[in-house]
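# Observations on the model geometry
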Amino acid sequence: MTAMAAEDVARFEGTWKRYPSVAALAGLDLAVRRGEVLGLLGPNGAGKTTSLRVLLGLVRATAGRVVAFGFDCWSQSIEVRERTGYLPGDLRLWPELRPLETADLLGRFHADYDRPYARSLLAEMSVPDRAARELSRGNRQKVGLVLALCHRPELLVLDEPGSGLDPDMHEIILEHVRQACHGGATVLLSSHDLSEVSRVADRVAVIRSGRIAALEDVEALRRRAPRRVELRASRPLTAEDLRLDGVTVEHADGARVLLTYSGRPAELLARLSRLPLEDVRIGELDLEEALRQLYGTGGEARS
Ligand code: ATP
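Residues numbered from 1 in each chain as written. Predicted model: local features only at pLDDT ≥ 70, side-chain atom pairs only at ≥ 80, totals over all residues. Heavy atoms only, no water.

### Observations regarding the sheet that holds strand β3 (residues 37-41)
Across the sheet, which stays open at both edges, the six strands sit in the order β6-β7-β8-β3-β9-β10 with mixed pairing between neighbours. The sheet is open, and its two borders are formed by β6 (84-87) and β10 (211-217), each paired with just one other strand. Here the strands of the sheet are splayed against their neighbours by 15° on average, with no regard to which way each runs. One ladder, built from six bridges, connects strand β9 (residues 203-208) with β10; its direction is antiparallel. Along β10, the bridge assignment pairs Arg203 with Asp217. Contacts from helix α1 (residues 48-55) reach β3, β6, β7 (155-159), β8 (186-191) and β9 within the one sheet, and its direction differs from that of β7 by about 150°. Together, β9 and β10 form the strand contacts of helix α10 (residues 287-295), whose direction differs from that of β10 by roughly 115°. (Pairing = 2+ DSSP bridges. Helix = DSSP H or I, 4+ residues; strand = E, 2+ residues; numbered from the N terminus. Axes fitted to C-alpha atoms, helices over the stretch in contact; angles between N-to-C directions. Contact = heavy atoms within 4.5 Å.)

What follows is the structure, given as structure tokens:
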């Protein structure tokens, strides 16, 4: 069994979870480093929720083990939970309780519950002071995030925090993940969406069929990731016009060219500035493609 590095907050070591009809985890190895935001990506049924639930001591691994803060996540789950904030994917709130009442109730289980902080987070996120049954899904999700944050945990575990939310709500959640991280917390969050995760994560791990299929620094992915570029010129463009390391011409139709480019933006712009262009469209970085080139697998929702 590998020793836990001092900078790791949590570690999955050859973790298996077998159900009668499926192995939800099949030898999962993954270390969560102190202070990082680690995004866990994968298609439906890949094992994301199960891995988070094993970490929280809600599900017992069949083989292997999971350790957090040096504690065994099953036999010492209370020690782990004291230091962890969790937003489950299937959040349920007491329908009659208002947000702060819910925080107060759960706060009884946490020595470090910080009521003024809970109150200020709820105000900051503009959560209405109403019974949970009257709140919109987005507002209930915000309450869930406040419940995960309000004892200032060392480790924040979020299961698909943005799922089903509109972009504004989504951004609020990501902003609080960033703030928690600046405050020194470590964050492990699962998602279907690489582009969403890459806005906040330092590293992404792709999980497939219960094991890690790819693990990469988001910055390194960004450096490798191609962008789609569409050009329209006042004359047909030649191969010589577009000669630059990192350029691959995908489609050329005289004066209209579609290419992908991976490299430094300044070099592309310098090259393009010499061409008689009438229109240019430069797309987003394609992180999926960068992952696929590295591991033969993207972070996409469905395999
Ligand atoms: P999703 O993105 O759909 O939430 P996931 O990556 O979180 O998927 P899990 O919920 O961890 O995936 O499920 C992994 C596999 O284990 C799936 O095949 C699922 O059907 C199965 N599974 C999960 N929980 C149980 C259970 N309690 N009993 C039987 N099978 C289960």
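### What about the sheet that holds strand β5 (residues 71-72)?
Taking strand neighbours across the sheet as the criterion, the four strands line up as β2-β1-β4-β5 in an open arrangement whose pairing is antiparallel. The two strands at the open ends of the sheet, each matched to only one other strand, are β2 (23-33) and β5. As paired strands, strand β4 (residues 63-68) and β5 are joined by two bridges and run antiparallel to one another. Paired with Ala68 across the bridge in β5 is Phe71.

### Examining helix α9 (residues 265-272)
Taken as a whole, α9 has its buried residues at Leu268, Arg271 and Leu272. End-on, the buried residues of α9 take up no more than an arc of 95°, which puts them together on one face. Among the structural elements, β11 (227-233), β12 (247-253), β13 (256-261) and β14 (277-285) are those in contact with the buried residues of α9. (Buried < 20%, exposed > 50% of the residue type's maximum accessible area, 1.4 Å probe, protein only. Arc of directions from axis to C-beta.)

### Notes on the site of the ligand
Taken together, 13 residues surround the ligand, and among them Asn44, Gly45, Lys48, Thr49 and Thr50 come closest. In the environment of the ligand, an oxygen atom lies 3.1 Å from a nitrogen or oxygen atom belonging to the backbone of Ala46. Here the ligand has 630 Å² of accessible area as a free molecule, and 61% of this is covered by the chains. Of all the elements, α1 adds the most residues to the shell around the ligand, at three residues. Tallied by class, the residues present in the shell around the ligand amount to five nonpolar, six polar and two charged. (Near = heavy atom within 4 Å. Polar contact = N/O pair within 3.5 Å; in protein donor to acceptor, adjacent residues only side chain to side chain. Areas by Shrake-Rupley, 256 points an atom, 1.4 Å probe, with all protein chains shown as cover. Nonpolar A, V, L, I, M, F, W, Y, C, P; charged D, E, K, R; others polar.)

### So, the packing of aromatic side chains
Per the stated rule, a full pass over the model turns up zero aromatic pairs. The ring of Trp16 carries Arg18 above its face, with NZ or CZ at 4.5 Å from the centroid. (Phe/Tyr/Trp six-rings, centres within 6.5 Å; stacked < 30°, edge-to-face > 60°. Lys NZ or Arg CZ within 6 Å of the ring centre and 35° of its normal.)

### Things to note about the side chain of Thr260
For Thr260, the location among the structural elements is in strand β13. For Thr260, the side chain forms a polar contact with the side chain of Glu250, separated by 3.2 Å. The contacts of Thr260, once residues within four sequence positions are left out, are Pro226, Arg227, Arg228, Gly246, Val247, Thr248 and Glu250.

### Some points on the nonpolar core
General note: in soluble globular proteins, nonpolar side chains tend to be found buried as a group. Core analysis: the biggest nonpolar cluster contains 47 residues, and Val37, Ala118, Leu156, Leu158 and Val204 have the highest contact counts within it. Once you skip the residues sitting within four places of it in the chain, Val204 turns out to touch Leu38, Gly39, Leu41, Leu194, Val197, Ala214, Leu215, Glu216, Val218 and Leu221. Counting residues in hydrophobic clusters, the runner-up holds 26 residues, among them Leu56, Ala68, Phe69 and Val80. (Core = buried A, V, L, I, M, F, W, Y, C linked by side-chain atoms within 4.5 Å.)

### Considerations on a nonpolar patch on the surface
Among the surface-exposed residues, Trp94, Leu106 and Phe109 lie close enough to one another that they form a single nonpolar patch of about 340 Å² accessible area. Examined against the element boundaries, Trp94 turns out to sit in the loop between β6 and α3 (99-107). (Patch = residues over 30% accessible without salt bridge, like charges linked within 9 Å, V, L, I, M, F, W, Y side chains within 5 Å. Salt bridge = Lys/Arg side-chain N within 4 Å of Asp/Glu carboxyl O.)

### Let's talk about α10
Among the residues of α10, Leu287, Glu288, Ala290 and Leu291 are the ones counted as buried. Buried residues of α10, seen end-on, are gathered within an arc of 160° and therefore sit on one face of the element. The N-terminus of α10 is capped by Asp286, whose side-chain oxygen sits 3.3 Å from the backbone nitrogen of Glu288. Gly296 sits one or two residues past α10 and shows a positive phi near 70°.

### Describing the pattern of salt bridges
Counted according to the given criterion, the structure contains 21 salt bridges. For the salt bridge of Glu36 with Arg203, the shortest nitrogen-to-oxygen distance reads 2.7 Å. Taken together, the positions of Glu36 in the loop between β2 and β3 and Arg203 in strand β9 put the pair 167 residues apart, joining distant regions of the chain. By relative accessible area, which is 5% here, Glu36 ends up buried. Arg203 sits in the buried class, given a relative accessible area of 6%. Through salt bridges with shared partners, a single network forms among Asp8, Arg11, Glu13 and Arg65.

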